[in-house]
Amino acid sequence: MAITTDTLKGRISHADSFPDVMEKNSGEFVEISVSDYLNALCRKCGIRPTEAIRRAHIERTYGYQIFNGTRVPSRDKLLQIAVGMGLSLDDTQDLLKKSGKNPLYPRIKRDAACMFALTHGMNTMEVQELLASVDLPLLGGV
């Protein structure tokens, strides 16, 4: 049975050596590539990568490279994909964390706008319009 992230943080903080932490908690670490995780999210959402890429308004070849693991996506590209897939805020935060990117932080205006968009089911163009309407940088420089 998996432990909570807080429990794992406590084990790391109180351990005498990191190799001991790794040995005792080997099943608790995330060991999935970004592309594998994105493809799993597609299956969970019942959407094909092709459709996620189209809805995210990402250039097709670049999107396929992200989904097949030959390109490492930026935080913005992951946000575009999350919006394109219609992910919840929680699933988006998990995607960002598991990809080694900073999760959305509500005290940063642009992140707050993205959180609003995700929780209100906005599509990619609506997110871009929202960001533009409050003079914030667009996702992916679109």
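Read on for an overview of the structure. (Residues numbered from 1 in each chain as written. Predicted model: local features only at pLDDT ≥ 70, side-chain atom pairs only at ≥ 80, totals over all residues. Heavy atoms only, no water.)

### A short note on the overall build of the protein
Here's step 1: Across its full length, the protein carries nine helices and zero strands.
Here's step 2: Dimensions along the principal axes, computed over C-alpha positions, put the protein at roughly 50 × 35 × 25 Å.
Here's step 3: When burial is assessed residue by residue, the protein has 37% of its 142 residues classed as buried.
Here's step 4: Across the protein, contacts joining residues at least 24 apart in sequence account for 48% of those joining residues at least 6 apart.
Here's step 5: As displayed, the protein offers around 8,700 Å² of accessible surface, 52% of which is attributable to carbon and sulfur atoms.
Here's step 6: Here the protein holds 18 positive side-chain charges and 17 negative ones, and the gap between their average locations is 4 Å. (Helix = DSSP H or I, 4+ residues; strand = E, 2+ residues; numbered from the N terminus. Buried < 20%, exposed > 50% of the residue type's maximum accessible area, 1.4 Å probe, protein only. Contact = heavy atoms within 4.5 Å. Areas by Shrake-Rupley, 256 points an atom, 1.4 Å probe, with all protein chains shown as cover. Lys, Arg positive; Asp, Glu negative; His and termini not counted. Charge placed at Lys NZ, Arg CZ, Asp CG, Glu CD.)

### Looking at the environment of K9
Here's step 1: With respect to the helices and strands, K9 occurs in helix α1 (residues 5–14).
Here's step 2: Considered as a pair, K9 and H120 are 111 residues apart in the sequence and their alpha carbons are 32 Å apart.

### Points about the pattern of salt bridges
Here's step 1: Under the counting rule described, the total for this entry stands at six salt bridges.
Here's step 2: The closest approach of N and O atoms between D6 and K9, which form a salt bridge, is 3.6 Å. Of this pair, D6 and K9 both sit in helix α1, three residues apart, which is roughly one turn of that helix.
Here's step 3: Since its relative accessible area comes to 48%, K9 is described here as partly exposed. (Salt bridge = Lys/Arg side-chain N within 4 Å of Asp/Glu carboxyl O.)

### Quick notes on the packing of helix α8 (residues 109–119) against helix α9 (residues 124–133)
Here's step 1: Running from N to C, α8 and α9 point in directions that differ by 145 degrees, and their axes come no closer than 10 Å. Remark: the crossing between α8 and α9 carries right-handed chirality. Listed contacts from α9 to R110, A113, F116 and A117 of α8 are V127, L130 and L131. (Axes fitted to C-alpha atoms, helices over the stretch in contact; angles between N-to-C directions. Left-handed = near helix turned anticlockwise from the far one by under 90°.)

### Considering the packing of helix α4 (residues 49–56) against helix α6 (residues 75–85)
Here's step 1: Running from N to C, α4 and α6 cross one another at 110 degrees; their axes reach a closest spacing of 7 Å. Classified by the angle between their axes, α4 and α6 sit roughly perpendicular to one another. The residues of α6 that touch α4, namely those facing A52, R55 and A56, are Q80, I81, G84 and M85.
Here's step 2: Grouping the amino acids of the contact of α4 with α6 by side-chain chemistry returns four nonpolar, two polar and one charged. (Parallel < 35°, antiparallel > 145°, perpendicular 65-115°, else oblique. Nonpolar A, V, L, I, M, F, W, Y, C, P; charged D, E, K, R; others polar.)

### So, α4
Here's step 1: Burial in α4 covers these residues: A52, I53 and A56. Projected onto a plane normal to the axis of α4, the buried residues spread over an arc of 100 degrees and lie on a single side.
Here's step 2: The inward-facing, buried residues of α4 contact α3 (34–45), α5 (60–68), α6 and α9.
Here's step 3: Within two residues after α4, H57 carries a phi angle of roughly 60 degrees, on the positive side. (Arc of directions from axis to C-beta.)

### Section: α6
Here's step 1: The element α6 is largely enclosed, with a buried count of eleven among its eleven residues.
Here's step 2: Those residues of α6 that are buried lie in contact with α3, α4, α5, α7 (89–98), α8 and α9.
Here's step 3: Backbone geometry just after α6 places G86 at a positive phi near 75 degrees.

### Concerning unusual backbone geometry
Here's step 1: Positive phi values are uncommon outside glycine, yet H57 reaches one of about 60 degrees.
Here's step 2: Relative to the helices and strands, H57 resides in the loop between α4 and α5.
Here's step 3: Taking relative accessible area as the criterion, H57 reaches 42% and is therefore assigned partly exposed.
Here's step 4: Even without a glycine there, the phi angle at D135 is positive, about 55 degrees.
Here's step 5: According to the relative accessible area criterion, D135 is exposed, its value standing at 72%.

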